[in-house]
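# Geometric and topological summary
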Amino acid sequence: MSNQFSGVGRSARRLSSAIDAVVAVFASVLLVSIVVDVFAGVVFRYVIGRALPWSEEYARFAMVWMGLLGAGMALIRNEHVAIEYFVSHMPPWLRLLSMIVSRILIALFLFYATTYGSRMVLNAGTQVSPGLGISMAWPLSSIPVSCLIMLVQLILHTVDEFSSGRTGLMGERPAES
């Protein structure tokens, strides 16, 4: 039975790593495109004398996408800001309970943000951005897409940790007392 659960954990870890790699590529491409866009915007505005009407808007939309995708990457790496003092001083059973409760609350928030964000995207179908001339559904879709990715990653990491016997936060083994 233990081998069966460890196999599930390994599969969850592999799928999570694959998702993370794809998200990292998209975030990297967005970062490079923002740098190129802002550089071109500065050159056109101050060297050529004709500002690109879409440059600032693209940079803003791409930055939102990149930031939200990066939040998902930080979630699985346990790189979000946290106050670990109290958790590190808890007995193991309370640390586990704290992790379970926090994961449930995070999952509920991500589910709500995915659901509500999807409704926002559907309602924004007729709105058009002034600079790029695209549907506002594209920039707004960053919310449900990134929250869904975070929710899937949270579930995969939780499955991996419980199947491998880890009870620490996001891949960390708790210190032995």
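Please read all numbers here as calculations on a predicted model, not as lab measurements. (Residues numbered from 1 in each chain as written. Predicted model: local features only at pLDDT ≥ 70, side-chain atom pairs only at ≥ 80, totals over all residues. Heavy atoms only, no water.)

### Things to note about the packing of aromatic side chains
In plain terms, the rule: Think of it this way: a Phe, Tyr or Trp ring, Trp meaning its six-membered ring, pairs with another when their centres are within 6.5 Å, and the plane angle makes it stacked under 30 degrees, edge-to-face over 60, tilted otherwise. Residue burial is assigned from relative accessible area. The probe radius is 1.4 Å, only protein chains are included, and a residue is buried under 20% of its type maximum, exposed over 50%, and partly exposed in between. Strands here mean DSSP runs of E at least two residues long; helices mean DSSP runs of H or I at least four residues long; both are numbered from the N terminus.
One pass over the structure, following the stated rule, counts two aromatic pairs. With 5.4 Å between their ring centres and 80° between their planes, Tyr85 and Phe86 make a pair best called edge-to-face. For the pair shown, Tyr85 and Phe86 are each scored as exposed. Here Tyr112 and Tyr116 contribute two aromatic rings whose centre-to-centre distance is 5.9 Å and whose plane-to-plane angle is 5°, an arrangement assigned as stacked. One end of the pair is Tyr112 and the other is Tyr116, both in helix α4 (residues 92–123) and four residues apart, which spans about a single turn. A residue is classified by how much of its surface remains accessible, and Tyr116, at 42% relative accessible area, is partly exposed.

### What to know about the packing of α4 against helix α6 (residues 142–164)
This is how it is decided: In this analysis an axis means a line fitted to C-alpha atoms, helices contributing only their contacting stretch, and an angle means the value between N-to-C directions, from 0 to 180 degrees. What sets the label is the angle itself: under 35 degrees gives roughly parallel, over 145 gives roughly antiparallel, 65 to 115 gives roughly perpendicular, and the rest give oblique. Left-handed describes a crossing whose near helix is turned anticlockwise from the far helix through less than a right angle; right-handed describes the clockwise counterpart. In the scheme used here, Gly and all other residues not listed as nonpolar or charged are polar, with Ala, Val, Leu, Ile, Met, Phe, Trp, Tyr, Cys and Pro taken as nonpolar and Asp, Glu, Lys and Arg as charged.
Packing of α4 against α6 leaves a shortest axis separation of 8 Å and a crossing angle of 155°. Taken together, α4 and α6 sit at an angle that is classed as roughly antiparallel. Along this stretch, α4 crosses α6, giving a crossing that reads as left-handed. Class assignment of the residues belonging to the contact of α4 with α6 gives a composition of 18 nonpolar, five polar and two charged.

### Concerning the pattern of salt bridges
Using the following cut-off: Salt bridge criterion: a side-chain nitrogen from Lys or Arg within 4 Å of a carboxyl oxygen from Asp or Glu.
Within this structure, the stated rule accounts for four salt bridges. Here Asp160 and Arg13 are joined by a salt bridge, their closest N and O atoms 2.8 Å apart. With Asp160 in helix α6 and Arg13 in helix α1 (residues 2–48), the pair connects residues that are 147 residues apart, well separated along the chain. Here Arg13 falls in the partly exposed class, since its relative accessible area comes to 35%. Of the charged contacts, one joins Asp20 and Arg77 as a salt bridge, the two residues approaching to 2.8 Å between their closest N and O atoms. Here Asp20 is found in helix α1, whereas its partner Arg77 is found in helix α2 (residues 55–77), with 57 residues between them in sequence. The exposure class of Arg77 is partly exposed, given its relative accessible area of 38%.

### Topic: the confidence of the model for the protein
Put simply, the rule reads: Residue-level confidence of the predictor is summarised by pLDDT, bounded by 0 at the bottom and 100 at the top. Two residues qualify as a contact provided that any one of their heavy atoms is within 4.5 Å of a heavy atom in the partner residue.
Counting all residues, the mean pLDDT for the protein is 87, and 89% of those residues have values of 70 or more. Per-residue pLDDT stays below 50 along residues 169–177; that stretch engages in 21 contacts with residues further than four places along the chain or on separate chains.

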